[in-house]
Amino acid sequence: LRRLSRRGRGVERPDLPEPERFAGALGGADMIDWKFALVTGLGLTVGATALAQDGSAVEEAEDAVPETYPWDLELSLGLNGSRGSTDSDNVRAGFTASQETNRNIFNLSLTYKYANEDSSDTENRFTALARNDWKLGDNSPWSVFVEGTYEYNKFQNFENRLGGAGGLGYKIIDDENATLQARVGAGYTYSFGNVDDGYANGLVGLDFETKVTDNQSLVTSVTYYPNFDDTDEYRLVSSAAYQIELN
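Presented here is a report on the structure given in the accompanying data block. Predicted, not measured: the structure shown is a model, and the values here were computed from it.

**Here we look at the overall build of the chain**
When you go through the chain residue by residue, the secondary structure sums to 2 helices and 10 strands. Helices and strands in the chain line up, N terminus first, as α-α-β-β-β-β-β-β-β-β-β-β. Residues classed as buried in the chain amount to 26% of the 247 residues present. By sequence separation, contacts in the chain at least 24 residues apart represent 47% of the contacts at least 6 residues apart. In the structure as shown, the chain presents an accessible area of about 16100 Å², 55% of it carried by carbon and sulfur atoms.

**Examining the environment of Leu-108**
If you trace the backbone, Leu-108 turns up in strand 3 (residues 104–117). When its relative accessible area of 25% is taken as the criterion, Leu-108 is described as partly exposed. Considering only alpha carbons, one finds Leu-108 and Arg-131, 23 residues apart in sequence, at a separation of 6.6 Å. Each residue touching Leu-108, except ones within four places of it in the same chain, is listed here: Phe-95, Thr-96, Ala-97, Leu-129 and Ala-130.

**Quick look at the sheet that holds strand 1 (residues 72–82)**
Strand order in the open sheet formed by 10 strands is 1-2-3-4-5-6-7-8-9-10, with antiparallel pairing between adjacent strands. Taken across any chain shown, the strands that pair with only one partner, and hence form the sheet edges, are strand 1 and strand 10 (234–244). The sheet shows a mean angle of 15° between the axes of neighbouring strands, direction not considered. Summarising the sheet, strand 3 and strand 4 (residues 120–135) pair through 14 bridges and their orientation is antiparallel.

**With respect to the packing of aromatic side chains**
For the coordinates displayed, the defined rule picks out 5 aromatic pairs. Ring centres of Trp-71 and Phe-106 lie 6.0 Å apart, and the angle between their planes is 80°; this geometry places the pair in the edge-to-face category. Here Trp-71, found in the loop between helix 2 (34–58) and strand 1, pairs with Phe-106, found in strand 3; they are 35 residues apart in sequence, far enough to count as distant. Among the residues examined, Phe-106 registers a relative accessible area of 26% and is labelled partly exposed. Just above the ring of Phe-145 sits the side chain of Arg-183; from NZ or CZ to the centre is 5.3 Å.

**Topic: the side chain of Ser-143**
With respect to the element layout, Ser-143 can be found in strand 5 (residues 142–153). Relative accessible area serves as the criterion here: at 6%, Ser-143 is assigned to the buried category. Engagement of the side chain of Ser-143 in a polar contact is seen with the side chain of Gln-181, the distance being 3.5 Å. In contact with Ser-143, other than residues within four places in its own chain, are Asp-133, Trp-134, Lys-135, Leu-136, Gly-167, Leu-168, Gly-169 and Gln-181.

**Here we look at the environment of Tyr-225**
Here Tyr-225 lies in strand 9 (residues 216–226). Overall, Tyr-225 belongs to the buried group, its relative accessible area being 11%. Each C-alpha atom, one on Tyr-225 and one on Gly-185, is 9.5 Å from the other, the two residues being 40 residues apart in sequence. Beyond its immediate chain neighbours, meaning those up to four positions away, Tyr-225 contacts Glu-147, Asn-201, Gly-202, Leu-203, Tyr-234, Arg-235 and Val-237.

**Details of a nonpolar patch on the surface**
Taken together, Trp-142, Leu-168, Tyr-170, Ile-172, Ile-173, Val-184, Val-204, Leu-206, Val-222, Tyr-224, Tyr-234 and Leu-236 make up a surface patch of nonpolar side chains, about 1000 Å² in accessible area. Those elements that provide at least two residues to the nonpolar patch are strand 6 (160–174), strand 8 (197–213), strand 9 and strand 10. When residues in the nonpolar patch are grouped by element, the largest group, 4 residues, is from strand 6. Relative to the helices and strands, Tyr-224 is located in strand 9.

**Digging into the pattern of salt bridges**
For the structure on display, the rule yields 10 salt bridges. The residue Glu-151 makes a salt bridge to Arg-161 at a minimum N-O spacing of 3.0 Å. In this pair, Glu-151 sits in strand 5 while Arg-161 sits in strand 6, placing the two residues 10 residues apart along the sequence. Both residues of the pair, Glu-151 and Arg-161, belong to the buried class. Taking the shortest distance from any N to any O, the salt bridge between Lys-171 and Asp-174 comes out at 3.9 Å. By relative accessible area, Lys-171 is classed as partly exposed at 23%. Among the residues examined, Asp-174 registers a relative accessible area of 53% and is labelled exposed. Here the residues in one salt-bridge network are Arg-131, Asp-133, Glu-147, Arg-183 and Asp-207, joined through shared partners.

The rules behind these values
- Residues numbered from 1 in each chain as written.
- Predicted model: local features only at pLDDT ≥ 70, side-chain atom pairs only at ≥ 80, totals over all residues.
- Heavy atoms only, no water.
- Helix = DSSP H or I, 4+ residues; strand = E, 2+ residues; numbered from the N terminus.
- Buried < 20%, exposed > 50% of the residue type's maximum accessible area, 1.4 Å probe, protein only.
- Contact = heavy atoms within 4.5 Å.
- Areas by Shrake-Rupley, 256 points an atom, 1.4 Å probe, with all protein chains shown as cover.
- Pairing = 2+ DSSP bridges.
- Axes fitted to C-alpha atoms, helices over the stretch in contact; angles between N-to-C directions.
- Phe/Tyr/Trp six-rings, centres within 6.5 Å; stacked < 30°, edge-to-face > 60°.
- Lys NZ or Arg CZ within 6 Å of the ring centre and 35° of its normal.
- Polar contact = N/O pair within 3.5 Å; in protein donor to acceptor, adjacent residues only side chain to side chain.
- Patch = residues over 30% accessible without salt bridge, like charges linked within 9 Å, V, L, I, M, F, W, Y side chains within 5 Å.
- Salt bridge = Lys/Arg side-chain N within 4 Å of Asp/Glu carboxyl O.

Without other data, these values stay purely geometric and don't point to any function.
Okay, structure coming up:
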């Protein structure tokens with residue numbers, strides 16, 4: 001992760017009559033620029049689409065047989081340690097939950113990592129991601145998504161970081177053996193704790209999963225978050241896992 005910074009800019013304005021002051025606030029204020037308008041417009045679009053999806057469900061026949069959609073839950077825990085000239089301990093815990101219905105897909109992922117060496121902490125990090133995708137039609141590869149993220153990291157300057165984003169998704173591959181989904185959107189990230197900083201950002205991501213055997217699969221994900229305020233600054237979040245079902 002690269003440290004992101006934002007430089008404030010002061011703007012002095014002469015006294016203006018009330019109508020001109022209002023127009024100046026709309027046209028020149030740093031807070032209302034194309035990045036703010038982009039994120040706001042995207043949020044309104046996502047919200048309107050979600051409401052439209054909910055409204056269409058209400059119009060379905062009331063006597064339709066309700067369907068049940070099971071949850072897919074996973075819990076992981078890893079421990080290792082060593083004793084000798086240097087004592088070290090590592091803990092990794094994770095939890096994921098997902099549910100797919102005829103209208104949407106919900107995913108939740110929680111991860112905690114802790115490590116110490118000779119009784120001194122070397123890693124203490126917690127991450128959370130919640131995402132909901134609304135399908136745009138029964139057989140359409142397109143979807144609208146909204147996601148929220150939180151990260152705590154004791155050894156980063158930001159310490160706490162919140163993020164929210166929304167946009168469009170497209171399934172490039174979708175069959176019984178593999179899925180590949182692309183995402184494009186925009187959002188906002190706010191860091192607090194040791195450093196208080198907020199900025200608008202983009203989102204470009206790929207999620208890939210494929211079956212290796214009947215009980216083994218490979219899951220990878222990569223997401224790129226460019227900073228709209230400073231194009232040289234960005235975050236890149238990636239993960240990869242090889243999963244084996246025991247039963």
